[in-house]
Amino acid sequence: MAREAAMDLFSPVFAEELWAARYDIFKNENLLSDEKIAKYEGEVVPDCRLFLELTANQKRYVEERVSVIKLLLLIPGQNIKELCCLGIKDLKASDLAEVNKRNLEAEFLNSLAIPYKRTNTPKAVRILRRGLDLAVPGTVISGHLLQNLGDCFKNYFKLERGLDKEETCLKDGNEKDKGEAYIDMIGAYDKAIKCWNKALELYPKQNKEHRRSVQERIKSIEEEKDKI
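Nothing here was measured: the structure is a model prediction, and the numbers come from that model.

Any residue range with low pLDDT should be treated as having predicted coordinates unsuitable for detailed reading. Scored by pLDDT, the protein has a mean of 85; 83% of the residues are at 70 or more. Put simply, helix 9 (residues 163-172) is where the protein has its lowest mean pLDDT, 45, and helix 5 (residues 98-113) is where it has its highest, 96. Predicted confidence is poor over residues 161-170, with pLDDT under 50, and the contacts of this stretch with residues over four places away or in other chains come to 18 contacts.

A word on the state of the cysteines. Going through the model one piece at a time under the given rule, you end up with 0 disulfides. Cysteine C84 remains unbridged, with the sulfur of C85 as its closest cysteine sulfur at 7.0 Å.

What follows concerns the environment of R22. Note that R22 resides in helix 1 (residues 2-26). Judged by relative accessible area, R22 falls into the buried class, the value being 12%. Remark: the alpha-carbon pair of R22 and L71, spanning 49 residues in sequence, is separated by 8.1 Å. Not counting residues within four places of it along the chain, the set of residues in contact with R22 comprises Y40, V44, L71 and L74.

Once that is clear, we can look at the pattern of salt bridges. Scanning the entire structure with this criterion turns up 12 salt bridges. Taking the shortest distance from any N to any O, the salt bridge between R212 and E209 comes out at 2.3 Å. Taken together, the residues R212 and E209, both in helix 11 (residues 208-227) and 3 residues apart, mark about one turn of the helix. Notably, a salt bridge pairs E216 with R212, separated by 2.5 Å at the nearest N-O pair. Here E216 and its partner R212 are both found in helix 11, 4 residues apart, which amounts to about one turn of the helix. Each of K117, D151 and R217 takes part in a single network of salt bridges with overlapping partners.

Between two packed helices, both the angle of their axes relative to each other and the distance between the axes serve to describe the pair. At a minimum axis separation of 9 Å, helix 4 (residues 80-93) and helix 5 run at an interaxial angle of 170°. Put simply, helix 4 runs roughly antiparallel to helix 5. Note on element contacts: helix 5 touches helix 4 through K101, L104, E105, F108, L109, S111 and L112, opposite I80, K81, C84, G87, I88, L91 and K92. Looking at the contact of helix 4 with helix 5, its residues break down into 8 nonpolar, 2 polar and 4 charged.

Quick look at the environment of V125 now. Considering the arrangement of structural elements, one finds V125 in helix 7 (residues 121-134). By relative accessible area, which is 9% here, V125 ends up buried. Residues V125 and G150, spaced 25 residues apart in sequence, show a C-alpha to C-alpha distance of 9.3 Å. When sequence neighbours within four positions are dropped, the list of residues in contact with V125 reads L149 and C152.

Basis of the calculations
- Residues numbered from 1 in each chain as written.
- Predicted model: local features only at pLDDT ≥ 70, side-chain atom pairs only at ≥ 80, totals over all residues.
- Heavy atoms only, no water.
- pLDDT = per-residue confidence, 0-100.
- Helix = DSSP H or I, 4+ residues; strand = E, 2+ residues; numbered from the N terminus.
- Contact = heavy atoms within 4.5 Å.
- Disulfide = S-S within 2.5 Å.
- Buried < 20%, exposed > 50% of the residue type's maximum accessible area, 1.4 Å probe, protein only.
- Salt bridge = Lys/Arg side-chain N within 4 Å of Asp/Glu carboxyl O.
- Axes fitted to C-alpha atoms, helices over the stretch in contact; angles between N-to-C directions.
- Parallel < 35°, antiparallel > 145°, perpendicular 65-115°, else oblique.
- Nonpolar A, V, L, I, M, F, W, Y, C, P; charged D, E, K, R; others polar.

Here it is in structure tokens:
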């Protein structure tokens, strides 16, 4: 009983301290990127892992566990698939309100999809669409999912053909192949723009940085389309 009471007091504070430790390293301008990663690995990751070990299979600490898992996802070199699956497993077993479960699961799916955006775009698209089915429209995560989905569509043309094949097709291919390649490219770009415009609709107005990032994507791809 005393142990549970102590854990109840300890868990929220410990999770907050872990975030503070990560933030202090992240904002330290005197550290090079590799030095920051080394400090994360030495000072933050072990405590995060210990916390997850101590609270394993305990529904009462699910919010703190999810917070710590999200922290680990921000640290380079972590096993993203393992962490996202652990987070989703915790959520499905939790007593959180359904709407909270759905949004948090959508966050993990968004994180899970990011590594696949360039290495396996169709897989990333499937994961992001699952996230969109779960996320509540008008939330930040719904905007993130659409932003990444738009990135996938922009990348899709190059990935399907391969960059070298694309360049060969567009520069040296016959007119029929060139025409098909341009149609593919424009179609993929149009899908990306549609996703990004939808993200702008769903991002809350106060999320100015996220909205600006999407607007820059739209401007950049419109400029690329004008060159075709």
